[in-house]
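# What the coordinates show
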Amino acid sequence: MPKINRRNLRKPGVMKRWEPLTYTKSTQSISTEDAIEKVMLVYETEGYREKTLKGYRAYYDEFIRIIGVNELERIHKDDIRAYIKHQLDKRNLSPVTVNIRLASLRSVFNRMVAENLIEDSPFKEIRKLRTDEGKIFSLTDQQVKRLFSVVDLETYAGYRDYVAMLTMLKSGLRSNEINSLEISDLDLDNRVMMLPGAKNKNRKTRSIPMTLQLAEEIRGLIAEAREYFGADISYVFVNQFGQQMRNDHLRKRVDKYAHQAGLKGECRASPHSLRHTFAVRFLSSGGDIKTLQSILGHSDLASTEIYIKYTDETVKQNFDKVFARDKKRL
């Protein structure tokens, strides 16, 4: 019987590959209007705050209007530089303000990349504008006394303003946090405010202690408001109709008091300067930087550390003032 050659029985293997398929990128460009609609839908479904969404939309619409480009793929870094120059030269915006807008636009275009609307972001090679270190506008003890002295405590609105200003001065709250502060956020017996993440800039729950004076003043304000507007009010600081105050209402009221106290031109008296004053006083009185970071709600310690430089300068100024008349030679 002849010997079988098993090699001849084997099926031939694959020897040659097919020609590889070539995938080409679609040349169809999406319009700038359609692109922002898609991205905004993503942000909405991810639970972004309404204020953030409005900011993104406003800055993007302004950017597109200034550069005059209607197709997303046609936006280049030179368009962005033209936009920056327009903001600085035509609108006289500060580098700090322009950087805020660039950060928002960069986030939007990065999301467009993530959603495969464009291949690369034109903001990839755009750097932040150089800025000088910001100055902290805090008030001296005398300026604080003058500001508070002109508030009319005989009226409900005046007493409400007094307690709101005291809350910023003694606990470091932002003006928008004052406006959104609800009675349910307070534990007046234990003198603690518990701000939920929805009311904080960094979306983290924040515990803020209160002085005994502040807790009692807030308790008194709530009792008055309930007497005027009913027991079902939810906000601590309300207008003369028992409704939540507008976002800019307190700022305008503090500005009016600054005029009456003769502080205009001498210092910057505002809700935020009261917050700054709290921070400077806290550190000057021996408070530690990590505790201050927690109270102020800063996600980045660097945002809190700026107060250290300011308190160092305050200590030096106070030292020079005390010893200015010391002429003794030892």
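To start, this report covers the structure provided alongside it. (Residues numbered from 1 in each chain as written. Predicted model: local features only at pLDDT ≥ 70, side-chain atom pairs only at ≥ 80, totals over all residues. Heavy atoms only, no water.)

## Remarks on the sheet that holds strand β3 (residues 206-209)
Two modes of strand pairing occur in sheets, parallel and antiparallel, and in both the strands are linked by backbone hydrogen bonds. In plain terms, the rule: Each pair of strands is called paired provided DSSP finds at least two bridges between the two strands. Helical segments are the DSSP runs of H or I of at least four residues, strand segments are the runs of E of at least two, and each set is numbered from the N terminus.
Taken together, three strands build an open sheet; the order of strands is β1-β2-β3 and the sheet is antiparallel. The open sheet terminates on both sides in strands that have one partner only, identified here as β1 (186-187) and β3. Of the pairings in the sheet, the one linking strand β2 (residues 192-195) to β3 comprises four bridges and is antiparallel in character. Within β3, the position partnered with Met-193 by the bridge is Ile-208.

## Considerations on helix α3 (residues 50-67)
Along an α-helix, residues three or four apart share an orientation, since each turn contains 3.6 residues. To keep it simple, the criterion reads: One less than the number of residues in a helix, times 1.5 Å, gives the span that helix is expected to have. Each residue is placed in one exposure class: buried if its accessible area under a 1.4 Å probe, protein chains only, is under 20% of its type's maximum, exposed if it is over 50%, and partly exposed if it falls in between. In what follows, a contact means two residues having at least one pair of non-hydrogen atoms within 4.5 Å.
Under the 1.5 Å per step criterion, the end-to-end length of α3 is 26 Å for 18 residues, consistent within 8% with the ideal 26 Å. Here α3 has its buried residues at Leu-53, Gly-55, Tyr-56, Tyr-60, Glu-62, Phe-63, Ile-64 and Ile-67. Tucked inside the fold, the buried residues of α3 contact α2 (32-45), α4 (77-90) and α5 (95-114). Phi turns positive, to about 65°, at Gly-68, one or two residues after α3.

## Brief notes about unusual backbone geometry
Phi is positive for Asn-92, which is not a glycine, with a value near 60°. Position of Asn-92 among the secondary structure elements: in the loop between α4 and α5. Even without glycine at this site, Asn-116 takes up a positive phi of about 60°. Within the fold, Asn-116 resides in the loop between α5 and α6 (141-149).

## Thoughts on the environment of Glu-46
Cut-off, in case you're wondering: A 3.5 Å cut-off defines polar contacts: any pair of N or O atoms within that distance qualifies, except that in protein one atom must be a possible hydrogen donor and the other a possible acceptor, and neighbouring residues in sequence count only when both atoms are side-chain atoms.
Relative to the helices and strands, Glu-46 is located in the loop between α2 and α3. Engagement of the side chain of Glu-46 in a polar contact is seen with the side chain of Arg-111, the distance being 3.1 Å.

## Examining the pattern of salt bridges
In plain terms, the rule: Any carboxyl oxygen of Asp or Glu within 4 Å of a side-chain nitrogen of Lys or Arg constitutes a salt bridge here.
Scanning the entire structure with this criterion turns up 20 salt bridges. Here Glu-37 and Arg-57 are joined by a salt bridge, their closest N and O atoms 3.0 Å apart. Of this pair, Glu-37 sits in helix α2 while Arg-57 sits in helix α3; the two residues are 20 residues apart in sequence, bridging distant segments of the chain. Relative accessible area serves as the criterion here: at 40%, Glu-37 is assigned to the partly exposed category. What makes Arg-57 partly exposed here is its relative accessible area of 25%. Note that Lys-252 is salt-bridged to Asp-248, the shortest N-O span being 3.1 Å. Residue class for Asp-248 comes out partly exposed when judged on its relative accessible area of 25%. By sharing partners, the salt bridges in this structure join Glu-62, Arg-91 and Arg-101 into a single network.

## A closer look at the side chain of Thr-277
Structurally, Thr-277 can be placed in helix α11 (residues 271-284). In this view, Thr-277 contacts Ser-138, Leu-139, Val-144 and Leu-169; residues no more than four positions away in its chain are not counted.

## Here's the deal with the packing of helix α7 (residues 156-171) against α11
Note the following rule: Comment: axis = line fitted to C-alpha atoms, over the contacting stretch for helices; angle = value between 0 and 180 degrees taken between N-to-C directions.
Viewed as axis vectors pointing N to C, α7 and α11 meet at an angle of 35°, and their least axial separation amounts to 6 Å. Facing α7, whose interface residues are Met-165, Met-168, Leu-169, Lys-170 and Ser-171, α11 presents Pro-271, Leu-274, Arg-275, Thr-277, Phe-278 and Arg-281.

## Side note on the environment of Phe-109
Mapping Phe-109 onto the fold places it in helix α5. In the structure, Phe-109 is positioned 73 residues away from Ile-36 in sequence and 9.2 Å away in space, judged by C-alpha atoms. Ignoring any residue separated from it by four or fewer positions in sequence, one finds Phe-109 in contact with Tyr-60, Phe-63, Leu-72, Ile-75, Ile-118, Ser-121, Pro-122 and Phe-123.

## A few points about the nonpolar core
Cut-off, in case you're wondering: Residue types Ala, Val, Leu, Ile, Met, Phe, Trp, Tyr and Cys, when buried and joined through side-chain atoms within 4.5 Å, form a set referred to as a nonpolar core.
With 53 residues, the main nonpolar core has Leu-147, Phe-148, Met-165, Ile-218, Val-236 and Phe-237 as its most contacted residues. When contributions to this core are tallied by element, the ones reaching two or more residues are α6, α7, β2, α9 (212-229), α10 (249-260), α11 and α12 (289-296). Broken down by element, the residue count for this core peaks at nine residues, all from α7. By size, the runner-up hydrophobic cluster in this structure holds 30 residues, among which are Leu-53, Val-108, Met-112 and Ile-118.

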